[in-house]
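Residue-level structural notes
This is what each chain is made of:
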Amino acid sequence: MSNAVSALNGASFEGYVTVTDMGPAGMITLRGDLGSAAIKKAIGMAVPAPLKITSKGENSVAWMSPDELLALCPYEVADETAAKMTKALGKAHSLVANVSDARALIRLEGADVREVLAKLTPADVAAMQPGDLRRSRLAQIPAAFWLTDDETAYVICFRSVAKYTFDLLTTVAAPSSKLAPT
Amino acid sequence: MLLLRCPYCGVDCDETELSPGGEAHLKRFGPGSEDADFEGYLFQRENPKGVHFERWRHANGCGKWFHAARCTVTLEVFGTYSAQLTEPPQDIKDAITAKRPGWHWREFA
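So, here is what we can say about the structure in this document. (Residues numbered from 1 in each chain as written. Chains lettered and ligands numbered in written order. Predicted model: local features only at pLDDT ≥ 70, side-chain atom pairs only at ≥ 80, totals over all residues. Heavy atoms only, no water.)

1. Points about the pattern of salt bridges
- Within the structure shown, the criterion is met by 18 salt bridges over all chains.
- For E80 of chain A, the salt bridge identified is with K84 of chain A, shortest N-O distance 3.8 Å. Residue E80 of chain A and its partner K84 of chain A are located together in helix α2 (residues 78-89), separated by four residues, close to a single helical turn.
- Residue class for E80 of chain A comes out partly exposed when judged on its relative accessible area of 47%.
- The closest approach of N and O atoms between D12 of chain B and R5 of chain B, which form a salt bridge, is 2.8 Å.
- Linked through salt bridges whose partners overlap, the residues forming this network are R31, D67 and E68 of chain A together with K64 of chain B. (Salt bridge = Lys/Arg side-chain N within 4 Å of Asp/Glu carboxyl O. Helix = DSSP H or I, 4+ residues; strand = E, 2+ residues; numbered from the N terminus. Buried < 20%, exposed > 50% of the residue type's maximum accessible area, 1.4 Å probe, protein only.)

Printed below as a string of structure tokens:
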């Protein structure tokens, strides 16, 4: 099999916030009744509360909508994990799809990650705490983002707009574009 | 700027995160119906100055459709509710009555 590469191929930018492409990342969309035991069994951890993301080891599960979750895992095991989930769900009315190759994952690091995101989205980023996730928009495109701690944020967008997202983030994270302290 | 709370994910969405879906609570008239009913279903829309009911989709978010009751004059939002309802719930009607006594919209009041 050929080598998987992400749309940005590991690009990185040093501004007042560091923007880094995370390379190929495993992402599995899971739809079904989130209250069911089958879903809990399939993801192998507690179902996240609305607008939250929960992690266990190198796997995470994000709440996407009242009937949709996004499971994050290493790229190499995505197919295998999706197959396991499908099996665990059995006959429960559900859908599992490996969407790893349709998405891009970008990391933001720095004391002002909230400011960088807030410049691009109408979401109330200042009120977001680590573990909170928002699906919203960044400028003209839909994106999901969450904080793992006060200085690290992750952004998921469609692969087709990965370059656009990276350019947006690097523009607003450019050293000269930092907002004056209020 | 219009802010609507999505009743599914509880997010206060900005207008730019939403897609407008036109008037709410349209009753469909399909094949076999009277021409006048079908015309009404296709073309006749309310254009009120005041209380209005609309459909919105949380497009840049959870992707769900929902209903919103708002005032077209002041942009005041009376509430949002599930897209699965065929008429506004009583608490929304009460909220509107409290602010706009004597309101009516199509067959609702």
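2. Looking at the side chain of T152 of chain A
- Position of T152 of chain A among the secondary structure elements: in strand β11 (residues 152-158).
- When neighbours within four sequence positions are excluded, T152 of chain A is seen to be in contact with R107, L108, E109, V113, W146 and L147 of chain A. (Contact = heavy atoms within 4.5 Å.)

3. Overview of the nonpolar core
- Core analysis: the biggest nonpolar cluster contains 29 residues, and L108, V116, L117, L138, F145 and V155 of chain A have the highest contact counts within it.
- Among the secondary structure elements, those contributing two or more residues to this core are β8 (103-109), α3 (113-118), β10 (141-149), β11 and α4 (162-172) of chain A.
- Counting residues per element, this core draws most heavily on α4 of chain A, which supplies five residues.
- Among all residues touching L108 of chain A, those that are not within four sequence positions of it are V17, T18, V19, V113, V116, L117, E151, T152, A153, V155 and L169 of chain A.
- Among the nonpolar cores identified, the runner-up in size contains 27 residues, and I39 and M85 of chain A together with V11 and C62 of chain B belong to it. (Core = buried A, V, L, I, M, F, W, Y, C linked by side-chain atoms within 4.5 Å.)

4. With respect to helix α2 (residues 90-99) of chain B
Residues and elements named next belong to chain B.
- Inspection of α2 places I92, K93 and I96 among the buried residues, and these make up the whole buried set. Around the axis of α2, the buried residues are gathered within 100 degrees of arc, so they sit on the same side. More than 90 degrees from the buried face of α2, the exposed residues found are D91 and A98.
- On its buried face, α2 sits against β4 (51-57), β5 (65-71) and β6 (77-82). (Arc of directions from axis to C-beta.)

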